[in-house]
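Examining the three-dimensional arrangement
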Amino acid sequence: AGCMARFRLPLPQRYEPHDTCERFQIFGRMNDWKLVELVLTEEGDEAREEIEQLGLQERTDEIASLIGEGEAIAIAAPGDKRGFYIADTTGTVRQLDAPLTVHALKDEDGQPLQLAAGSSVIDARFRNPVERVRGCSKWYTDFLPDDPEGDVVVPTHLILNPGRD
């Protein structure tokens, strides 16, 4: 039974060491399968989370690099019935010099969003959703120019979609 014939054997026998491979003279026992048991550890969980965070950071950095001043953005809003807010950017992406509490945006616990120094953010102005009698509306109006409630500092990791108007 050569290499290809081994694939027809049951799993436990398929990967046992054997010397009937046509390349055995070249590879010897280096071609044998090494069966191992993979066990998830706390350190493995931490490494996986770190890798996921890096992937998320790359994605948000890419999205942020596409955003310019005056563009419409969708912002994740876990506590809002729509699940998102719409805003128009009033600047470009920048890094915070100091920690900042953003009262207009809430975290998963409904608390004002806390941002660390160095966080990537963009200044924006909310759009107001126009309420309809039945369900959510797709219509939005601007805040009055002198209304400070419309201003918001948006962390780039909450931006769902840039440049759509």
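Heads up: the structure comes first, above all this text.
An account of the accompanying structure is given in this report.

Thresholds applied
- Throughout this document, residue positions are counted from 1 along each chain, in the order its sequence is written.
- Thresholds applied to this predicted model are a pLDDT of at least 70 for local features of residues and 80 or more for the giving and counting of side-chain atom pairs; totals over whole chains, interfaces and linings are not thresholded and use all residues.
- Neither water nor hydrogens contribute to the side-chain values; these are computed over all heavy atoms in the structure.
- Patches draw on residues past 30% relative accessible area with no salt bridge. Two like charges within 9 Å are joined, as are two nonpolar side chains (Val, Leu, Ile, Met, Phe, Trp, Tyr) within 5 Å.
- Method for areas: the Shrake-Rupley scheme with a 1.4 Å probe, in which residue coverage is limited to the protein chains shown.
- One speaks of a salt bridge when a side-chain nitrogen belonging to Lys or Arg is within 4 Å of a carboxyl oxygen belonging to Asp or Glu.
- Put simply, DSSP marks the helices as runs of H or I at least four residues long and the strands as runs of E at least two long, and each gets a number from the N terminus on.
- Relative accessibility thresholds used throughout: buried, under 20% of the residue-type maximum; exposed, over 50%; partly exposed, between the two (1.4 Å probe, protein chains only).
- Pairs of strands are assigned from DSSP output, requiring at least two bridges between the strands.
- Under this definition, polar contacts are N or O atom pairs within 3.5 Å; protein pairs additionally need one hydrogen-donor-capable and one acceptor-capable atom, and for neighbouring residues in sequence, both atoms have to be side-chain atoms.
- Whether two residues touch is decided by their heavy atoms; if any such pair falls within 4.5 Å, the residues are in contact.

**Re a nonpolar patch on the surface**
- A cluster of nonpolar side chains, I26, F27 and M30, forms an exposed patch at the surface whose accessible area comes to about 360 Å².
- For M30, the position within the fold is in the loop between α3 (24–27) and α4 (42–65).
- The class of M30 is exposed, set by a relative accessible area of 68%.

**Some remarks on the pattern of salt bridges**
- Here the structure, examined in full by the defined rule, presents three salt bridges.
- One salt bridge connects R127 with D88, and the closest N-O pair in it is separated by 2.7 Å. Highlighted residues: R127 in strand β6 (residues 120–129) and D88 in strand β2 (residues 84–89), separated in sequence by 39 residues.
- By relative accessible area, which is 19% here, R127 ends up buried.
- For R125, the salt bridge is made with D151, and the minimal N-O distance between the two is 2.6 Å. Residue R125 is found in strand β6, and its partner D151 is found in strand β8 (residues 151–155); the two are separated by 26 residues along the sequence.

**Overview of the pairing of strand β4 (residues 100–106)**
- Inspection of the sheet shows β4 paired to strand β5 (residues 112–115) by four bridges, in the antiparallel sense. Note that in β5 the partner of V102 across the bridge is L113.
- Hairpin remark: β4 followed by β5, antiparallel, with five residues in the connecting loop; positive phi at G110, about 80°.

**Describing the side chain of R125**
- Look at R125 and you get buried, because its relative accessible area is 15%.
- Separated by 2.5 Å, the side chain of R125 and the backbone oxygen of L144 make a polar contact.
- A distance of 2.9 Å separates a polar side-chain atom of R125 from the backbone oxygen of D147.
- Look past the residues within four positions of R125 in its chain and what remains in contact with it is A87, D88, T90, F143, L144, P145, D146, D147, G150 and D151.

**Observations concerning the environment of H18**
- Its place among the elements puts H18 in the loop between α2 (11–14) and α3.
- Linking H18 and D32, residues 14 residues apart in sequence, is a C-alpha distance of 7.5 Å.
- Setting aside chain neighbours within four positions, we find H18 in contact with R6, F24, R29 and D32.

**Section: the pairing of β6**
- Of all 10 residues that make up β6, seven are buried, and the element is covered over most of its length.
- As judged from the three bridges shared by β2 and β6, these two strands associate in the antiparallel manner. From the neighbouring strand, A87 faces β6, where its bridge partner is F126.
- Two strands pair when backbone bridges link them, and strand β3 (residues 94–95) and β6 are joined in this way by two bridges, in the antiparallel orientation. Bridge pairing in β6 places R94 opposite V121.
- Looking at chain direction, β6 and β8 are connected through five bridges and run antiparallel. The residue bridging D123 from the neighbouring strand is V153, located in β8.

**Digging into the side chain of T156**
- The topology assignment puts T156 in the loop between β8 and β9 (159–162).
- Of the residues examined, T156 reaches a relative accessible area of 4% and is grouped as buried.
- With near-sequence residues (within four places) excluded, T156 lies in contact with T60, A64, V93, S120 and V121.

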